[in-house]
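Coordinate analysis (summary)
Chain by chain, the residues run as shown.
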Amino acid sequence: MDLKGPLCYVLDFDDINNYAYQTALKIKQSGWRPDVVVGIARGGWVHARIQCDLLGIRSLFSVKVDHWGVTATKDGKAKLSVPLVGDVEGKRVLLVDDITDTGESLTTAVEHIIEVGKPADVRSATLMHIAGSKFVPDYFGVEITWAWEIWPWNFFEDLTSLIMKIYEGEKISEMSTAELKKHLREYNNIVLSDEKLSKIKAHMGFLGHIVYPLDKMWRLDE
Ligand code: AMP
């Protein structure tokens with residue numbers, strides 16, 4: 001399949017619950033029981049909260065790492081932007097993210113937690129692991145080949161970026177819904193319902209990217 005942009009998959013919360021459950025099962029079967037969960041903001045937060053439920057953990061802490069700025073576009077090196085919040089000294093820490101792609105975010109977070117948190121042990125868990133990533137998490141739900149995964153908690157952000165890239169790539173400032181559907185298929189192999197598209201249109205209008213509501217067109221607000 002020759003696409004004009006990155007191959008994308010749209011995931012829903014059933015997919016997330018399924019991958020999180022698979023991950024938790026592997027943690028339980030390994031005989032290791034964490035005392036606390038640390039979620040990597042922003043991508044790992046929802047998964048971290050689900051792991052607390054699946055593993056019976058009440059202590060949920062956070063650390064923030066920035067890496068991929070815009071959808072499917074790497075933003076230089078992974079940078080620790082907010083240090084560890086929470087006391088993990090002497091504790092078994094489960095560090096949770098959504099996916100390991102380059103793996104730099106998890107590498108950075110693990111090093112930071114060991115250095116400042118003085119935990120007894122740190123293990124990592126992700127919903128998905130991309131084969132070939134430099135960092136292999138201790139536990140993950142599923143191994144995949146590279147694609148941009150559109151998480152249900154990042155749906156509007158990702159779709160907005162992808163659609164803005166279509167305007168740029170096509171050198172256009174307006175398109176119909178039918179044209180947008182065709183472009184989303186050709187650029188990213190994405191197919192969306194009219195209902196989802198109209199919610200995205202309202203969102204892009206809210207952000208001031210497009211003129212909305214005006215007519216049936218998706219018109220850039222220039
Ligand atoms: P990385 O440091 O490259 O392992 O990725 C850092 C973060 O960027 C991940 O935790 C995700 O939130 C996001 N990310 C990276 N690659 C992808 C991908 N292929 N699909 C969806 N999100 C991704």
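Residues numbered from 1 in each chain as written. Predicted model: local features only at pLDDT ≥ 70, side-chain atom pairs only at ≥ 80, totals over all residues. Heavy atoms only, no water.

1. A short note on unusual backbone geometry
Here the residue pair Ala41 and Arg42 is connected by a cis peptide bond, since its omega of -5° sits within 30 degrees of zero. Within the secondary structure, Arg42 sits in the loop between strand 2 (36-41) and helix 2 (45-55). Even without glycine at this site, Lys118 takes up a positive phi of about 50°. With respect to the helices and strands, the residue Lys118 is situated in the loop between helix 3 (104-117) and strand 6 (121-130). A positive phi angle, near 60°, is found at Asn189, a position not held by glycine. Tracing the sequence through the fold places Asn189 in the loop between helix 5 (177-188) and helix 6 (194-206). Judged by its relative accessible area of 32%, Asn189 falls in the partly exposed class. (Helix = DSSP H or I, 4+ residues; strand = E, 2+ residues; numbered from the N terminus. Buried < 20%, exposed > 50% of the residue type's maximum accessible area, 1.4 Å probe, protein only.)

2. A look at the environment of Pro6
Here Pro6 is to be found in the segment before strand 1 (8-10). For Pro6, the contacting residues outside a window of four places in its chain are Ala72, Trp146, Tyr187 and Asn188. (Contact = heavy atoms within 4.5 Å.)

3. So, the nonpolar core
Among soluble globular proteins, nonpolar side chains are generally buried collectively. In this structure, Ile163, Leu184, Ile200 and Trp218 are the most contacted members of the largest nonpolar core, which totals 21 residues. Listing elements by their share of this core, those giving two or more residues are strand 8 (148-150), helix 4 (155-170), helix 5, helix 6 and strand 11 (218-220). The dominant element in this core, judged by the number of residues it contributes, is helix 4, at six residues. Core analysis: the second largest hydrophobic core is formed by 16 residues, Val36, Ala78, Val88 and Val110 among them. (Core = buried A, V, L, I, M, F, W, Y, C linked by side-chain atoms within 4.5 Å.)

4. Quick notes on the sheet that holds strand 10 (residues 210-211)
The strand order across the open sheet formed by three strands is 9-11-10, and the pairing between neighbours is antiparallel. Among the strands making up the open sheet, the edge pair consists of strand 9 (174-175) and strand 10. Judged from the two bridges that link them, strand 10 and strand 11 form a sheet pairing that is antiparallel. Bridge pairing in strand 11 places Ile210 opposite Leu220. Contacts between helix 4 and the sheet are confined to strand 9, strand 10 and strand 11, with strand 11 contributing the most and set at about 75° to the helix. (Pairing = 2+ DSSP bridges. Axes fitted to C-alpha atoms, helices over the stretch in contact; angles between N-to-C directions.)

5. Quick look at the site of the ligand
In the neighbourhood of the ligand, 17 residues make up the surrounding shell, with His67, Asp98, Asp101, Thr102 and Ser105 lying closest. Here an oxygen atom of the ligand and a side-chain polar atom of Asp97 are 3.0 Å apart. Taking 490 Å² as the accessible area of the ligand by itself, protein coverage stands at 92%. Among the cavities detected, the one that contains the ligand is the largest pocket. (Near = heavy atom within 4 Å. Polar contact = N/O pair within 3.5 Å; in protein donor to acceptor, adjacent residues only side chain to side chain. Areas by Shrake-Rupley, 256 points an atom, 1.4 Å probe, with all protein chains shown as cover. 1 Å grid on protein atoms, 1.4 Å probe; cavity = no way out; pocket = protein on both sides within 12 Å on 5 of 7 lines; lining within 4 Å. Sits in = over half its atoms within 2 Å of the grid points.)

6. Some points on the environment of Phe13
Take Phe13: it is sitting in helix 1 (residues 13-29). By relative accessible area, Phe13 is classed as partly exposed at 42%.

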